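Reading the structure
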Amino acid sequence: SQRSLAEITELIHTAFLVHRGIVNIGELKSCDGPLKDMQFGNKMAVLSGDFLLANACTSLAQLQNTKVVELISSAIGDLVQGIYYENSKSSEENSLTDDIGISTWKEQVFLSHSALLAKSCQAAMELAKHSTEIQDMAFQYGKHMSMSHKLHSDLQPFVKESSSDTMAFSLNSAPAVLHQEFLGREAWIKQIREVSCLEFPSFTISLQEAIKAGKGVTSAIDLCRYHGNRALAALEHFPASEARAALTNIVYAVNRFP
């Protein structure tokens, strides 16, 4: 049953990755290819994602555990809400970056990245009939490990040793949000506008250097390690085993920086 749950979780994750790939037709340019092809691709992405979700829900019902169904269903709801936040713009004028603090960023990341893993970990313990306390520790591990993983991913463009390939990054990533929090909204928008006339990769390099010069990167690394430590603390409630050692190594991997 736990193996089936893992497969269900991966199906849901893949379905939402497919749905995330849908292209905004309104933003397309003539160089992007024929419009009909993109419209067909969007329809296939919607149908493919829905097909995977339908299969996941069928398998979920076959587990015959109402609490697990409730947990995973709520995780799907969290994903939908999280993706809505990802796609919404704060305003037309400042559409490149949202006016949010790190606490709001963490809430949105929990919905779009952490909820599925956290609730799946909790559901796995429910299937094995573990206590409420153990279920909560599994939830905490999944939550903090995935938060740490997202921070690690956001930090890659700023900590990569090789600068030969310029990595694009989101202006709503953790280092940028923390940089804005320290600098102030108006000063951050001014920095963006000063380099907005530049083309890629000059635009990206200029903003990367601006964020590196502030406290955004170091603060994001500290936050990544904080969530990693919280995940490790949750694991301490489980008996020593090869499985716990493997889960510990995952945390170590996402807390390692050059």
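Conventions we followed
Residues numbered from 1 in each chain as written. Predicted model: local features only at pLDDT ≥ 70, side-chain atom pairs only at ≥ 80, totals over all residues. Heavy atoms only, no water. Helix = DSSP H or I, 4+ residues; strand = E, 2+ residues; numbered from the N terminus. Rg over C-alpha atoms; globule rule 2.2 N^0.38 Å. Buried < 20%, exposed > 50% of the residue type's maximum accessible area, 1.4 Å probe, protein only. Core = buried A, V, L, I, M, F, W, Y, C linked by side-chain atoms within 4.5 Å. Contact = heavy atoms within 4.5 Å. pLDDT = per-residue confidence, 0-100. Axes fitted to C-alpha atoms, helices over the stretch in contact; angles between N-to-C directions. Parallel < 35°, antiparallel > 145°, perpendicular 65-115°, else oblique. Left-handed = near helix turned anticlockwise from the far one by under 90°. Nonpolar A, V, L, I, M, F, W, Y, C, P; charged D, E, K, R; others polar. Disulfide = S-S within 2.5 Å. Phe/Tyr/Trp six-rings, centres within 6.5 Å; stacked < 30°, edge-to-face > 60°.

Per an unreviewed UniProt entry, the protein carries the name DLP1 synthase and comes from Geococcyx californianus.

Describing the overall build of the protein
Along its length, the protein carries 10 helices and zero strands. When the helices and strands of the protein are listed from N to C terminus, the series reads α-α-α-α-α-α-α-α-α-α. Relative to the compact-globule value of 18 Å for 258 residues, the protein shows a C-alpha radius of gyration of 20 Å, a close match. With the C-alpha coordinates of the protein rotated into their principal frame, the extents come out at 60 × 45 × 30 Å. Expressed as a percentage of its 258 residues, the buried residues of the protein come to 43%.

Remarks on the nonpolar core
Leu-5, Ile-12, Phe-16, Val-68, Ile-72, Tyr-141 and Phe-238 are the most contacted members of the largest nonpolar core, which has 33 residues in total. Non-local contacts of Phe-16, meaning those with residues more than four positions away in its chain, are made with Leu-53, Ile-76, Leu-79, Val-80 and Ile-83. Judged by nonpolar contacts, the second largest core, of 27 residues, contains Ala-174, Val-217, Ala-220 and Cys-224.

Section: the side chain of Ser-148
Inspection of the secondary structure puts Ser-148 in helix α5 (residues 132-159). Exposure remark for Ser-148: the relative accessible area of 0% places this residue in the buried category. Ignoring sequence-local partners within four residues, the contact set of Ser-148 consists of Cys-224, His-227, Gly-228, Val-254 and Asn-255.

Describing the confidence of the model for the protein
On average, residues of the protein carry a pLDDT of 89, and 93% of them reach 70 or more. In the model, residues 90-94 has pLDDT below 50 throughout and makes eight contacts with residues more than four positions away in sequence or in other chains.

Brief notes about the packing of helix α1 (residues 2-20) against helix α2 (residues 35-62)
Axis separation between α1 and α2 bottoms out at 8 Å; the angle between their running directions is 165°. Classified by the angle between their axes, α1 and α2 sit roughly antiparallel to one another. Relative to α2, α1 is oriented so that their crossing is left-handed. For the pair α1 and α2, the contacting residues are Ile-8, Leu-11, Ile-12, Thr-14, Ala-15, Phe-16, Val-18 and His-19 in the first and Ala-45, Val-46, Ser-48, Gly-49, Asp-50, Leu-52, Leu-53, Asn-55, Ala-56, Ser-59 and Leu-60 in the second. Grouping the amino acids of the contact of α1 with α2 by side-chain chemistry returns 12 nonpolar, six polar and one charged.

Points about the state of the cysteines
What the rule picks out here adds up to zero disulfides. For the unlinked cysteine Cys-57, the closest cysteine sulfur is that of Cys-121, found at 19 Å. A disulfide-free cysteine, Cys-121 has its sulfur positioned 17 Å from the sulfur of Cys-224, the nearest such atom.

Quick look at the packing of aromatic side chains
Counted by the stated rule, this structure contains three aromatic pairs. Between the aromatic rings of Phe-110 and Phe-139, the centroid separation amounts to 6.3 Å while the plane-to-plane angle is 55°, which identifies the pairing as tilted. One end of the pair, Phe-110, is in helix α4 (residues 102-127); the other, Phe-139, is in helix α5, and 29 residues separate them in sequence. A single burial state applies to Phe-110 and to Phe-139, both of which are buried.

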